[in-house]
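Fold and geometry: a report
Residues per chain, in single letters:
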Amino acid sequence: LTVVLRDSLTFHPGLRLKHGFQQRSAFRRPAKKTDAKRVEEEVVPSHTEASEAWTTKRAVDPPQIIKIPKTPPRNFGRLVKPLVFTVGFTGCTFAAAAIWQYESLKSRVQSYFDELRADWMEKLRPQKQGDFRKEINQWWNSLSEGQRTVTGIIAANVVVYCCWRVPALQRTMLRYFTSDPSASKAVCSSMLLSTFSHYSLLHLAANMYVLWSFSSSAVSMLGPEQFLAVYLSAGVVSTMASYVAKTASGRFGPSLGASGAIMTVLAAVCTKMPEAKLAIIFLPMFTFTAGNALKAIVAMDAAGVVLGWRFFDHAAHLGGALFGIWYIMFGHELIWKNRDSLVRVWHNLRTRGPGGGTLTIMVLV
């Protein structure tokens, strides 16, 4: 494998010629010279490998040529299925996030007195020294809401990274956890799974550090439910942008990484708070505004797409950044603010069914 890491990494499996032509011992003996005018027969093998020389006595037929498979044609029809998946997955993700927010609010209201009773019982119960579970709870409670939200995402990325280290899983990982529009199988499911996939430890660490750094601002701005909907949708949308760029340029190859989704989070925060000060981790003395940083990132990825740079999947980065900008400027009003009818339908179904309570006030922000 020739590995070229994108921030959704891109690598191209090398072509291998299979020895489908096996040499056979099918030579014919030359005829005896019974007639002076008779031409001596040629001795030519019926089949030969591409690397073997052709053996003849008089004349040699033109050698057979093994054709290397050409790059898949630029067929934009193959993008219809991924496009439908992108639209459908994005809609279902935001619908699920709206229902989750409703259930979370209802659960908080109904469990308020249960939590008070649990706190009262905890005070009466003798305290255990060195309780590992209590230490974990204290650490968890010390995290911000944004950090608690992305902890599951980081854990999933680490698990997938460990799966890449298992030789027996290499073929499965390559099929389902890398995205490629020319792939005949898993072309849609890999659009999501590849956003949790990293082959390099450095790539994983860099992406997760950026996600952890921007998680508090993003979740405080969007809320945990809306944040997860944006993040998961961004992974699919950025992969779709990569599919379009690869099909248009004819440069196909597997891609993987969470960079497209992380670029959406970064772009959303920078768009919402353009005057915030940012700095590079290795150069903390140099600061710049979030708005200028976003402009530089978009310009660099746009240049990468136009000039055909292939070290990173610049199309996925650019698609993720543009999706983040669009969502803050228009998408929040268009999608999240118009979820009231869906939540109302769900509320009516929940209150009519078993376990329905008396909660009739819905607070949607």
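Residues numbered from 1 in each chain as written. Predicted model: local features only at pLDDT ≥ 70, side-chain atom pairs only at ≥ 80, totals over all residues. Heavy atoms only, no water.

Remarks on the overall build of the protein chain
For the protein chain, the helix and strand inventory stands at twelve helices and five strands. Sorting the 365 residues of the protein chain into buried and exposed places 35% on the buried side. If you take every contact in the protein chain between residues at least 6 apart in sequence, the share linking residues at least 24 apart comes to 71%. Of the roughly 22,500 Å² of accessible surface on the protein chain, 62% is carried by carbon and sulfur atoms. (Helix = DSSP H or I, 4+ residues; strand = E, 2+ residues; numbered from the N terminus. Buried < 20%, exposed > 50% of the residue type's maximum accessible area, 1.4 Å probe, protein only. Contact = heavy atoms within 4.5 Å. Areas by Shrake-Rupley, 256 points an atom, 1.4 Å probe, with all protein chains shown as cover.)

A look at the UniProt feature "transmembrane region" (unreviewed entry) in the protein chain
Taking the numbering used here, the UniProt-annotated feature "transmembrane region" (unreviewed entry) corresponds to residues 83-102, 196-215, 227-245, 278-298 and 318-336. Helix and strand shares over residues 196-215 are 75% and 0% respectively, and the end C-alpha atoms of the span are 16 Å apart. (UniProt positions renumbered as here; feature names shortened; annotations may be inferred.)

Here's the deal with the nonpolar core
Ranked by size, the top nonpolar core spans 45 residues in total, and within it I153, M208, L211, F227, Y231 and Y327 carry the most contacts. Of all the secondary structure elements, the ones that give two or more residues to this core are α1 (80-110), α4 (145-164), α7 (201-222), α8 (224-249), α9 (259-272), α10 (290-307) and α11 (314-334). The element best represented in this core is α9, accounting for nine residues. By size, the runner-up hydrophobic cluster in this structure holds eight residues, among which are F89, V187, C188 and V236. (Core = buried A, V, L, I, M, F, W, Y, C linked by side-chain atoms within 4.5 Å.)

Focus on the pattern of salt bridges
All chains considered together, the criterion is met by two salt bridges. A salt bridge links E103 to R350; the shortest N-O distance between them is 2.7 Å. Residue E103 is located in helix α1, and its partner R350 is located in helix α12 (residues 340-352); the two are separated by 247 residues in the primary sequence. Overall, E103 belongs to the partly exposed group, its relative accessible area being 22%. For the salt bridge of K337 with E333, the shortest nitrogen-to-oxygen distance reads 3.4 Å. According to the relative accessible area criterion, K337 is partly exposed, its value standing at 37%. (Salt bridge = Lys/Arg side-chain N within 4 Å of Asp/Glu carboxyl O.)

Quick word on the packing of α7 against α8
Their axes nearest at 8 Å, the elements α7 and α8 cross at an angle of 125°. By the angle between their axes, α7 is oblique relative to α8. At the point where α7 passes α8, the crossing takes the right-handed sense. In this structure, α7 contributes L211, A218, V219 and L222 to the contact, and α8 contributes P224, Q226, F227, V230 and Y231. Looking at the contact of α7 with α8, its residues break down into eight nonpolar, one polar and no charged. (Axes fitted to C-alpha atoms, helices over the stretch in contact; angles between N-to-C directions. Parallel < 35°, antiparallel > 145°, perpendicular 65-115°, else oblique. Left-handed = near helix turned anticlockwise from the far one by under 90°. Nonpolar A, V, L, I, M, F, W, Y, C, P; charged D, E, K, R; others polar.)

Regarding α1
Note that an α-helix has 3.6 residues per turn; residues three or four places apart therefore point the same way. The end-to-end C-alpha separation of α1 is 45 Å, in line with the 45 Å expected for 31 residues at 1.5 Å each. Every buried residue of α1 is accounted for by P82, T86, F89, T90, T93, F94, A97, A98, Q101, Y102, S104 and K106. Elements that come into contact with the buried residues of α1 comprise α6 (189-193), α8, α11 and α12. (Expected span 1.5 Å × (residues − 1).)

Things to note about α4
Here α4 is 20 residues long and its end C-alpha atoms lie 30 Å apart, about the 28 Å a rise of 1.5 Å per residue gives. A maximum bend of about 30° is found in α4 at T151. Every buried residue belonging to α4 is among G146, Q147, T149, V150, I153, I154, N157, V160, Y161 and W164, and all of these are buried. (Bend = angle between axes of the 7 residues up to and from the residue.)

Points about the pairing of strand β4 (residues 277-280)
In this sheet, strand β5 (residues 283-289) lies alongside β4 in antiparallel orientation, the contact comprising four bridges. Directly across from I280, in β5, lies its bridge partner L283. If you look at the hairpin formed by β4 and β5, you'll find two residues sitting between the two strands. (Pairing = 2+ DSSP bridges.)

With respect to the environment of W212
Looking at the element boundaries, W212 is found in helix α7. In this structure W212 comes out as partly exposed when scored by relative accessible area, which is 29%. In this structure the C-alpha to C-alpha distance between W212 and I153, which are 59 residues apart in sequence, comes to 10.0 Å. Aside from chain neighbours lying at most four places away, what touches W212 is L143, Q147, V150, T151 and I154.

Remarks on the side chain of T90
Turning to its location among the elements, T90 is positioned in helix α1. In this structure the side chain of T90 is engaged in a polar contact, spanning 2.7 Å, whose partner is the backbone oxygen of T86. Contacts of T90, omitting those with residues within four sequence positions, involve S233 and V237. (Polar contact = N/O pair within 3.5 Å; in protein donor to acceptor, adjacent residues only side chain to side chain.)

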